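Structural features, examined
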Amino acid sequence: MDSLSNRVQKVAPSATLAVTNQAKALRAKGEEVFGLAGGEPEMDTPDHIKQAAMAALQEGKTKYTPSAGIPELREAIAAKLLTDNSVKVETKGVCVTSGAKQACFNSILALVEEGDEVIIPAPYWVSYPEMVRLAGGEPVIVETTAANGWKITPEQFEEAMSPRTKMIIINSPGNPTGAIYSAEELKALGEVASYEDIIILSDEIYEKLTYGEEKHVSIASIDEELAKLTVVVGGFSKAYSMTGWRLGYTATANAAIAQALNKIQDHTSSNATTFAQYGALAALEGPTDFIDEMVQEYDVRRQFVLGRLKPITNISIVEPKGAFYFFIDCTDLGLKSQNLCDKLLNRYKVAVVPGVAFGHDASIRLSYCTTLDVIAEGLERFAQFCDSH
Ligand code: PMP
Ligand code: GLU
């Protein structure tokens, strides 16, 4: 259609949301569907967070707040970044957004110009390349390998660079692979970035969801130079089961970038929903034992999935160390990932996301942020599907 902008015509719809909606539509028709597609925790938001938002509503906290968020929440985020992540940012370096998704988009819009290149290690979260295109930039996709734990190496980073490189996106723990970068790996990537003043968009939305020895490290905590080059993206959707609240944030030690992010917020959405921000404040200030319990529960599910996938001989996996996904290499099944997912959904009623959405057409993504019953039945059917190929 002629009237559509070039910008939007270059962009594909979100496959993660499309599959989730397809599964919902089948359910609405009365079909039983085993949903292993969406990255949305099935657990409810903890009660003390809901109570705080309800109290805020009752108290009339129903008006605009400053675009960057209520001061108490921005302060609490800055304090959390220091305590949990050893990242030093001033309160004015924090901007509360409508989800980590908006936080990523604001960052890209604030920094990427027409023709700028953004290095994105693949497999990547579905929205990064599209956000870069919406901003007029060019995604430069760097294929990582299962053998290297799905992580970009400093050599690959250097090779992908050109005079037009503006930014690299690091997502650790990562969606869809669950890969976690160690402090040493981040330091080595950081050296390459700081040598050429490349901005780092560090999407840390899954920071709390790590299993075993490997823990999340923020690249912004490594040294002051890297802190100035980094925009940290975080949020409440995963750690607090608050997907529908639409709350995230950007945080940076770079005053000029912080100001730019605030300007974008001023002219696009203004503040994130006022009473929801009070819920987020309660999340940060309240008890956190439920996070440990939730992580333990996810780990039980992760081990369960691992146990079920290992005996299937015509797929291969790298054990995910974080987030709540398995990225499964299905090359031997001989189907393109979209075709595979369509068959799995239509014939076996199991919803998963095609790897093509993450830049890797030989794979599929399976989420385990749902109940063990759904996971068990979904995997049983997936095993039958693999068996029939
Ligand atoms: N980054 C990554 C890697 C994600 O998987 C998601 C999806 N949850 C987001 C950002 C966006 O999260 P939010 O729901 O806070 O917008
Ligand atoms: N990020 C989640 C996912 O990858 C939720 C859907 C989306 O926003 O993409 O499934």
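Rules of the game
- Residues numbered from 1 in each chain as written.
- Chains lettered and ligands numbered in written order.
- Predicted model: local features only at pLDDT ≥ 70, side-chain atom pairs only at ≥ 80, totals over all residues.
- Heavy atoms only, no water.
- Pairing = 2+ DSSP bridges.
- Helix = DSSP H or I, 4+ residues; strand = E, 2+ residues; numbered from the N terminus.
- Right-handed = clockwise from strand over helix to strand, strands pointing away.
- Contact = heavy atoms within 4.5 Å.
- Expected span 1.5 Å × (residues − 1).
- Buried < 20%, exposed > 50% of the residue type's maximum accessible area, 1.4 Å probe, protein only.
- Axes fitted to C-alpha atoms, helices over the stretch in contact; angles between N-to-C directions.
- Left-handed = near helix turned anticlockwise from the far one by under 90°.
- Nonpolar A, V, L, I, M, F, W, Y, C, P; charged D, E, K, R; others polar.
- Near = heavy atom within 4 Å.
- Polar contact = N/O pair within 3.5 Å; in protein donor to acceptor, adjacent residues only side chain to side chain.
- Areas by Shrake-Rupley, 256 points an atom, 1.4 Å probe, with all protein chains shown as cover.

**Here's the deal with the pairing of strand β4 (residues 138-143)**
- When strand β3 (residues 117-122) meets β4, the two strands line up parallel, connected through 6 bridges. Bridge pairing in β4 links Pro121 to Val142.
- A crossover connection joins β3 to the parallel β4 through helix α6 (residues 127-134); in handedness this β-α-β unit is right-handed.

**So, the environment of Phe327**
- Relative to the assigned elements, Phe327 resides in strand β10 (residues 325-329).
- Separated by 242 residues in sequence, Phe327 and Asn85 place their C-alpha atoms 27 Å apart.
- Those residues in contact with Phe327 that sit more than four places away from it in its chain are Pro123, Trp150, Pro176, Thr177, Ser316, Ile317, Gly355, Phe358, His360, Ser363, Ile364 and Arg365.

**Observations concerning helix α8 (residues 183-195)**
- With 13 residues, α8 should cover 18 Å at 1.5 Å per step; its first-to-last C-alpha distance of 18 Å lies within 8% of that length.
- Among the residues of α8, those classed as buried are Leu186, Leu189, Gly190, Val192, Ala193 and Ser194.
- Contact partners of the buried residues in α8: α7 (154-160), β5 (165-171), β6 (199-203) and α9 (224-229).
- The first or second residue beyond α8 is Asp197, which carries a positive phi of 55°.

**Remarks on the side chain of Glu117**
- Structurally, Glu117 is set in strand β3.
- For Glu117, a relative accessible area of 10% puts it in the buried group.
- With residues near it in sequence (within four places) discarded, Glu117 still touches Glu138, Val140, Ser162, Arg164, Thr165, Lys166 and Met167.

**Examining the packing of helix α3 (residues 47-58) against helix α11 (residues 274-285)**
- At a minimum axis separation of 7 Å, α3 and α11 run at an interaxial angle of 145°. Here α3 and α11 pass one another in a crossing that is right-handed. Facing His48, Ile49, Ala52, Ala53, Ala56 and Leu57 of α3, the residues of α11 in contact are Phe275, Tyr278, Gly279, Ala282 and Ala283.
- Here the contact of α3 with α11 is composed, by residue class, of 9 nonpolar, 2 polar and no charged.

**Some details on the site of ligand 1**
- In the region of ligand 1, 13 residues are neighbours, and Asn175, Asp203, Tyr206, Lys238 and Arg246 sit closest.
- Within the contact set of ligand 1, a nitrogen atom lies 2.3 Å away from a side-chain nitrogen or oxygen of Lys238.
- Interatomic distance of 2.7 Å between a side-chain N/O atom of Arg246 and an oxygen atom of ligand 1.
- In isolation ligand 1 exposes 390 Å². Once the protein is present, 92% of that is buried.
- Among the elements that take part in the shell around ligand 1, helix α5 (residues 99-111) stands out by supplying 3 residues, more than any other.
- Considering only residue class, the shell around ligand 1 consists of 5 nonpolar, 4 polar and 4 charged.

Remember, this is a structural readout, not a statement about activity or role.
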